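Chain by chain, the residues:
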Amino acid sequence: MFIQQLANGVMLGSTYALVAIGYTLVFGVLRLLHLAHGEVFMVGAFAGLQVVLWWHFGPFVALIAGLVVAALLGMVLEVVAFRPIRKRGNSHLAPIVSTIGAGLVLQEVMTKVFGAEQTPFPSDLGKIAYDLGFIHVTGSQVFILAVAIVSMAVLHFFVTYTRYGMAMRAASENLQVAAILGVNVDNVVLVTFAVASALGGIAGVLVGLNFNAISPYMGLEMGIKGMAVMLIGGLGSIYGAMVGGLILGIVEVLSVAYLASSLRDAFAFGLMILILIVRPRGLFQVGIRAER
Amino acid sequence: MLRLKTTLLVGAIALAGAPIPAMADVTIGVLIPSSGKGASYGQQQQNAINMFMDKYADIGGKAGKMKLVIYDTRGENTEAINLTRKLIDSDNVVAIVGPQFSAEAEVAFPLAVRGQTTMITPMAAKAGIAAANRPWAFRFALTTGNVYGPLLDVWLKKNAAKPIKKVVILMDGKDAVSSFDGKTVFPQILKQKGLEVLDTISFQTGDIDYSAQITRAKGLNPDGIVVSALYNEAAHAVAEARKQGMKQPIVAGVGINDPRFIQIAGSAAEGVMTGSDFFAEDPKPAVAAWVADYDKRYRQKPSNAAGEIYDTLYLMRECIKKTGIDGKDVKGDRVKLRDCWTGMKDVEAPLMGKTSMDNNGDGVRIPTMLEVKGDKFVVAQ
Amino acid sequence: MLSSYWDSVCIFLGINILLGISLYIPMVCGLISLGQGGFMAIGAYVAVMLTKAGAPFVVALVAGALVAAVAGLIVGAPALRIRGIYVMILTLGFGEIVRVFFLNFEPTGGASGLGGIPPLTELWQIVLSCVLAYLLVWRIRQLRFGRAMIAIHDDDLAAEAMGINLTRTKLMSFSLGAFIAGIAGGFYAHYALFIDANQFDFSRSAMTFLYVVLGGTVNPFGPVLGAAIVTLLPEVLRVVQDWRMTVFGTLLILIAIWRPDGILRTAGFRK
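What counts, and where the lines are drawn
Residues numbered from 1 in each chain as written. Chains lettered and ligands numbered in written order. Predicted model: local features only at pLDDT ≥ 70, side-chain atom pairs only at ≥ 80, totals over all residues. Heavy atoms only, no water. Helix = DSSP H or I, 4+ residues; strand = E, 2+ residues; numbered from the N terminus. Rg over C-alpha atoms; globule rule 2.2 N^0.38 Å. Buried < 20%, exposed > 50% of the residue type's maximum accessible area, 1.4 Å probe, protein only. Contact = heavy atoms within 4.5 Å. Areas by Shrake-Rupley, 256 points an atom, 1.4 Å probe, with all protein chains shown as cover. Lys, Arg positive; Asp, Glu negative; His and termini not counted. Charge placed at Lys NZ, Arg CZ, Asp CG, Glu CD. Phe/Tyr/Trp six-rings, centres within 6.5 Å; stacked < 30°, edge-to-face > 60°. Lys NZ or Arg CZ within 6 Å of the ring centre and 35° of its normal. Salt bridge = Lys/Arg side-chain N within 4 Å of Asp/Glu carboxyl O. Buried area = accessible area lost by both parts, 1.4 Å probe. Polar contact = N/O pair within 3.5 Å; in protein donor to acceptor, adjacent residues only side chain to side chain. Nonpolar A, V, L, I, M, F, W, Y, C, P; charged D, E, K, R; others polar. Pairing = 2+ DSSP bridges. Axes fitted to C-alpha atoms, helices over the stretch in contact; angles between N-to-C directions.

A. Spatial organisation of the overall build of chain C. What chain C contains, in helices and strands, is 11 helices and 0 strands. For chain C, the N- to C-terminal ordering of α and β elements is α-α-α-α-α-α-α-α-α-α-α. Against the compact-globule benchmark of 18 Å for 271 residues, chain C has a radius of gyration of 18 Å, which places it among compact chains. Overall, chain C is about 55 × 45 × 30 Å in size when its C-alpha atoms are taken along their principal axes. Residues counted as buried form 60% of the 271 residues belonging to chain C. Of the contacts made within chain C by residues no fewer than 6 positions apart, 79% connect residues no fewer than 24 positions apart. Accessible surface, chain C: about 10200 Å² in total, of which carbon and sulfur atoms supply 69%. A distance of 10 Å separates the average location of the 17 positive side-chain charges in chain C from that of its 13 negative side-chain charges.

B. Structural context of the overall build of chain A. When you go through chain A residue by residue, the secondary structure sums to 11 helices and 4 strands. The C-alpha atoms of chain A give 18 Å as radius of gyration, which agrees with the globular expectation for 292 residues (19 Å, within 12%). For chain A, the C-alpha atoms occupy an extent of roughly 55 × 45 × 35 Å along the three principal directions. Each of the 292 residues in chain A was classed as buried or not, and the buried ones make up 64%. For chain A, contacts bridging at least 24 residues in sequence account for 77% of all contacts bridging at least 6. For chain A, the exposed area adds up to about 10300 Å²; of that, 71% sits on carbon and sulfur atoms. Considering chain A, the positive charge centre built from 15 side chains and the negative charge centre built from 12 side chains are found 12 Å apart.

C. Inspection of the packing of aromatic side chains at higher detail. One pass over the full model with this rule turns up 29 aromatic pairs over all chains. Pairing Tyr45(C) with Phe102(C) gives two aromatic rings, centres 3.9 Å apart and planes at 5°, and the pair type is stacked. Of the two residues, Tyr45(C) is situated in helix H2 (residues 36–52) and Phe102(C) in helix H4 (residues 84–104); the sequence distance between them amounts to 57 residues. This pair shows no difference in class: Tyr45(C) is buried, exactly as Phe102(C) is. Grouping aromatic residues by their ring pairs yields a cluster made of Phe52(B), Tyr56(B), Phe278(B), Trp290(B), Tyr294(B), Tyr298(B), Tyr310(B) and Tyr314(B). Taking NZ or CZ as reference, Arg338(B) lies 4.6 Å from the ring centre of Trp136(B), over its face. Above the face of the Phe140(B) ring, Arg365(B) is positioned so that its terminal group lies 4.1 Å from the ring centre.

D. Broad picture of the pattern of salt bridges. Counted by the stated rule, this structure contains 26 salt bridges over all chains. For the salt bridge of Glu78(A) with Arg86(A), the shortest nitrogen-to-oxygen distance reads 3.3 Å. Just as Glu78(A) is buried, Arg86(A) falls in that class too. One salt bridge in this structure joins Lys354(B) and Glu348(B), with 3.5 Å as the shortest N-O distance. Under the relative-accessibility criterion, Lys354(B) is labelled partly exposed at 48%. Judged by its relative accessible area of 46%, Glu348(B) falls in the partly exposed class. Among the charged side chains, a network of salt bridges with common partners joins Glu78(A), Arg83(A), Arg86(A), Lys87(A) and Asp186(A).

E. Region of the structure containing the interface of chain C and chain A. Taken together, the contact between chain C and chain A spans 41 residues of the former and 42 residues of the latter. For the chain C and chain A pair, buried surface summed over both sides reaches about 3900 Å², with 75% attributable to carbon and sulfur atoms. Along the contact surface separating chain C from chain A lie 0 salt bridges. Applying the counting criterion to the chain C and chain A interface returns 1 residue pair in polar contact (both at pLDDT 80 or more). For the side of chain C that touches chain A, the secondary structure elements donating two or more residues are H4, helix H9 (202–215) and helix H11 (244–258) of chain C. If one sorts the elements of the side of chain C that touches chain A by residue count, H4(C) sits on top with 13 residues. Considered class by class, the residues forming the side of chain C that touches chain A number 27 nonpolar, 6 polar and 8 charged.

F. Up close: the sheet that holds strand S3 (residues 95–97) of chain B. All names here are of chain B. Spatially, S2-S1-S3-S4-S5-S13-S12-S11 is the arrangement adopted by the 8 strands of the open sheet, whose pairing is mixed. Only two strands of the sheet have a single neighbouring strand rather than two, namely strand S2 (66–72) and strand S11 (347–349). Shown here is a sheet whose adjacent strand axes are inclined to one another by a mean of 30°, direction ignored. The pairing of strand S12 (residues 353–357) with strand S13 (residues 362–364) spans 2 bridges and is classified as antiparallel. Counted as the bridge partner of Ser 356 is Val 364 from S13. Of the strands in this sheet, strand S4 (118–121) and strand S5 (137–142) touch helix H4 (residues 102–114), which is tilted by about 160° from S4.

G. Up close: the interface of chain B and chain C. Taken together, the 28 residues of chain B in the interface contact 28 residues of chain C. Note on chain B versus chain C: buried area summed over both sides is about 2400 Å², and carbon and sulfur give 53% of it. For the pair chain B and chain C, the interface holds 1 salt bridge. The partner of Lys183(B) in a salt bridge is Glu106(C), with the nearest N and O atoms 2.8 Å apart. Summed over the shared surface of chain B and chain C, the result is 4 residue pairs in polar contact (both at pLDDT 80 or more). The set of elements that each furnish at least two residues to the side of chain B that touches chain C consists of helix H3 (77–90), H4 and helix H6 (176–192) of chain B. Per-element tally for the side of chain B that touches chain C: the top contributor is H3(B), with 11 residues. When grouped by side-chain class, the residues that make up the side of chain B that touches chain C number 8 nonpolar, 9 polar and 11 charged.

It is worth stressing that arrangement in space is one thing and function is another; only the former is reported here.
Shown next, in the form of structure tokens:
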């Protein structure tokens, strides 16, 4: 059973990782918390749902739909909720307020369109099961793992080898210097948001596919956990987010398996606080100085 | 000065040409969660309210019409408090139907007691809240303890071929009613019937991942599974259980009684049993007609929320008729309505049949045992 | 004792004002807490346990707030060594842990919550507390302690160089904020007469944060104004009942863009 729980944890952790990467990308470049990212994740899920419901396409198309819609939404949010603040002097707190506002708007709009309770996400993936003897996985879990791995690999490639990726890394080192060196900051920020949101959208569709239902409020908890994972991995560290997500997934699943599920949420934050005390810059020691 | 003159003028005209006063309206307050997280309950309830008012707004007798003052609590306790006060003090209602959630009822009921106004919640299922706020607070919904006894009997009988001796309870630890049922009510009744509870495993409202809990349950190898949760979470748990290959029979608490349970769980819901006093596929002609009407108007099947508020409003109207109040003496009318609800015995509610109120202020009816067949709930054989 | 609707709205407004002030104090020092809900919860539950055991209201309130203050010291300690953004996530985590704790702690009801609380809160108490809290914040700037806080906020290295004890000042401000949040919690509990873990969740902390950021982080009247706007706006917006959150959210975005430091931009006094 332990191996099975471990497998469960890895599946769950991959979705946490995808969402956390989104947070960390935005934070890395802008040094700002994007509190509407959870809602982007949610909208991506609904986009995937619509594709499946209306046009009866399969999971891959749903994934593309979620990815594209989320990326577009992310870019809109950047232009509407972040850029004006950046242009006006870059307050630290204002983006938090504006993203809370954006999150509220998204939640209400989706509630009006889709209803407040969970909407079933029809999928046949969940029915396929693979019994590998010592563990039992379903088609959707395998799909999640595969998509998560591919996404992270693509991201790694993008960040390391493409021009935009390198510009993003430069910008996250130091935004002003990057601008002086000729990086088009506005574009880089936009691309960052697009990539971060695309990953969030993918995660949303994966969650919908595996857990068979989505709601306009699913972004809230995922959002908070995503931020905790970001901190565990190190603010601004993509690999930290990946590893942190996996760790959190495994820790949570094990805590449910061997303790009580009601303590589950406490583990995410307990772990986070532990890291803050012991190793404040996160597991990967990347990103801005944590200490004063 | 102008104001005084206007008042005197209007007063003079009124006295001079005053017709015989028209029949007063009887004003009832209604609290529903039209927005926020409980919005889909609220939407269903609003639909049912509209259907009720179309048919029953006129009361007849000394009273004229039934007038409803409807407020949206957003599912928040703060609003429940503010709006209950508003209804009692500013709107001068003679009774209140609502609020929806048990937590809201917890904060609103004491206000009903202090304001000496009857308050009846159509759906809140938490045990003891009406009892703690006598004599003004009532609950229309059945006490879960009354349902689970007969439910388990039918479930065990149905599975007599492979007798169920050991069960695992899966419950929503975050939802007050589900966790109370899972921790107290079910274990008590199960023990009475000689079953052993191997473990009580919990998840939380809003959880999306149940793999850990189910894996743990699977490892215990029970004969049967008991699920105590709302339809959302129950559907996920059940789906996960079937996904992981658990084939044991499942019985669930009243929280699953909603068509969306089946929609979300899909084929995994097949055979799951529960008990209820309202379900959309009830073949009884009165219910079937009402459901068809609802479906035609709103293009969706009504849920428990719709049925319960409809019947509660109907019974309220019955009480208004029976006590002959006319809305003119608010204080006195409130007392009369309270007395009507107290000790109510076998009054026929259109959808759910004979209803009584017990000494705790909780509703008493005969529930039907249901099981999921295909894409709907049917009466369990 | 049954008061009218507006009486009730005012009491909740007062509680929100207290919460706003409770967050404003650490923020003057540069410590941003997204966990005031947690301190509020502690204050509420402790106060209720005491009044149910027969203690007088004032004693219970203060005791609850003191426990919250101690929690403030505990949470504040790790916050000393880390920067703004980390403090926010740390306090967010704290708030969640408190919520999960009370969700599971059976002696105070667990998921079923805690009811049957004696109705001891009255409007005059809230008004008095708000006035006291506001005076405290207003005067604090004249006191050495307050000047120390502002100095730290502006430049903590310089402040330290000038001999200000960073640790003590920060901890005290955090703890004082927690104390006031605890008082707010005690008042809330003895008015609503029923509490459960959900009443003190992240959205409570997020709303508190909004009161301060909206109203203005520079002027001590800011949190009061912010609390007033956010609390009363839903009542005003009942006309657009169905789209209330959308209107509210849009307003937040607009305010964040045009008034990033909050509505009240000036300090309102000669610095």
